[in-house]
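Chain by chain, the residues:
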Amino acid sequence: SWEEITMTYAIEVNNLNKVYDGFELKDVCFKLETGTIMGIVGENGAGKSTLIKVLGGVYFQENGDVVIDGQIQKFTCAQDSSKAGVGIIYQEFNLAEDLTVAENMYLGEQHADSKLFNLKKLKKRADEVFKKMNIEIDTGEIVKYLTVSYMQFVEKFRSSAGSLYFMNMVDFFIDSGTEPDKTK
């Protein structure tokens, strides 16, 4: 149809292939419109995690196309994926527990020519991200004192430029805590 021809998808994956450690992704294809939620299911070893790591720039795709907002992407590292607007939420937390929420949000963005992070600016940027999501969190709080649910929010929104998020839902949950737990 005409819509099919002219529509730009948030992400299109066409004939993606990757062999990794005995596992194989073969001719993976899907298209997602902005605002769409899609589940990928399969047995252990079916390639779900490998697919997410290819989309996150952790593994290099052997062939096929990843198209984000109409632009063909070839990720050589996680930073390439992040710059294209992809955020990956892994099963395990990947947070620096002794740093603040704001520092974790922008960890890895420090440029080689800058000597120090501007903590005030980082906090302001992080505050803006959480405000847009209507989440009340002290971005100056040390991460190890947060509840699991708040840690999950930090993990999800650390790439504030991200517009596409992929996560493994097996271990992803939100606890009922509403305040940071200062007793940990």
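Residues numbered from 1 in each chain as written. Predicted model: local features only at pLDDT ≥ 70, side-chain atom pairs only at ≥ 80, totals over all residues. Heavy atoms only, no water.

The next thing to look at is the overall build of the protein chain. Helix and strand counts for the protein chain stand at 6 helices and 6 strands. For the protein chain, the succession of helices and strands along the chain, N to C, is α-β-β-α-β-β-α-β-α-α-α-β. Here the protein chain holds 184 residues, and 36% of them are scored as buried. Working note: accessible area of the protein chain is about 11700 Å², and carbon and sulfur atoms make up 52% of it. (Helix = DSSP H or I, 4+ residues; strand = E, 2+ residues; numbered from the N terminus. Buried < 20%, exposed > 50% of the residue type's maximum accessible area, 1.4 Å probe, protein only. Areas by Shrake-Rupley, 256 points an atom, 1.4 Å probe, with all protein chains shown as cover.)

This part takes up the nonpolar core. Judged by nonpolar contacts, the single largest core of 18 residues is most densely connected at Ile11 and Phe30. The next biggest cluster of nonpolar side chains, apart from the first, holds 17 residues, and it includes Met105, Leu122, Val129 and Met151. (Core = buried A, V, L, I, M, F, W, Y, C linked by side-chain atoms within 4.5 Å.)

A word on the environment of Lys120. With respect to the helices and strands, the residue Lys120 is situated in helix α5 (residues 119-132). On a C-alpha basis, the gap between Lys120 and Ala102 in space is 9.2 Å, while along the polypeptide they are 18 residues apart.

What follows is about the packing of aromatic side chains. Think of a pair of aromatic rings as described by two things: how far the centres are apart, and how the planes are tilted against each other in angle. For the coordinates displayed, the defined rule picks out 1 aromatic pair. Taking 6.2 Å as the distance between ring centres and 70 degrees as the angle between the ring planes, the aromatic pair formed by Tyr150 and Phe153 counts as edge-to-face. You can see Tyr150 and its partner Phe153 sitting in helix α6 (residues 148-157), 3 residues apart, about one turn around the helix. The residue whose ring lies beneath Arg125 is Tyr106, and the NZ or CZ to ring-centre distance is 3.9 Å. (Phe/Tyr/Trp six-rings, centres within 6.5 Å; stacked < 30°, edge-to-face > 60°. Lys NZ or Arg CZ within 6 Å of the ring centre and 35° of its normal.)

What follows deals with the sheet that holds strand β2 (residues 23-32). Read across the open sheet, the 4 strands follow the order β2-β1-β3-β4; overall the sheet is antiparallel. In the strand order of this sheet, the two ends are held by β2 and β4 (71-73), each with one partner. Adjacent strand axes in the sheet meet at a mean angle of 30 degrees, parallel and antiparallel pairs treated alike. Sheet topology places strand β1 (residues 11-20) next to β2; 7 bridges connect them, and they run antiparallel. What sits directly across from Ile11, in β2, is Leu32. (Pairing = 2+ DSSP bridges. Axes fitted to C-alpha atoms, helices over the stretch in contact; angles between N-to-C directions.)

One pass over the full model with this rule turns up 4 salt bridges. Of the charged contacts, one joins Asp127 and Lys123 as a salt bridge, the two residues approaching to 3.5 Å between their closest N and O atoms. Taken as a pair, Asp127 and Lys123 lie in helix α5 at a separation of 4 residues, close to a single helical turn. (Salt bridge = Lys/Arg side-chain N within 4 Å of Asp/Glu carboxyl O.)

In this fold, Gln61 is placed in the loop between α2 (48-55) and β3 (63-68). For Gln61, the side chain forms a polar contact with the main-chain oxygen of Gly64, separated by 2.9 Å. Excluding residues that lie within four positions of it along the chain, Gln61 makes contacts with Leu16, Asn17, Val54, Val66, Gln73 and Lys74. (Polar contact = N/O pair within 3.5 Å; in protein donor to acceptor, adjacent residues only side chain to side chain. Contact = heavy atoms within 4.5 Å.)

Before going further, it helps to examine the confidence of the model for the protein chain. Predicted coordinates in areas of low pLDDT are best not read in detail. Of the residues in the protein chain, 77% reach a pLDDT of 70 or more, and the chain-wide mean stands at 78. pLDDT under 50 marks residues 169-184. Its contacts with residues more than four places away, or in other chains, come to 32 contacts. (pLDDT = per-residue confidence, 0-100.)

Here the focus is unusual backbone geometry. A positive phi angle, near 50 degrees, is found at Asp27, a position not held by glycine. For Asp27, a relative accessible area of 42% corresponds to the partly exposed category. A positive phi angle, near 50 degrees, is found at Asp69, a position not held by glycine. Mapped onto the secondary structure, Asp69 falls in the loop between β3 and β4. We classify Asp69 as partly exposed; its relative accessible area is 45%.

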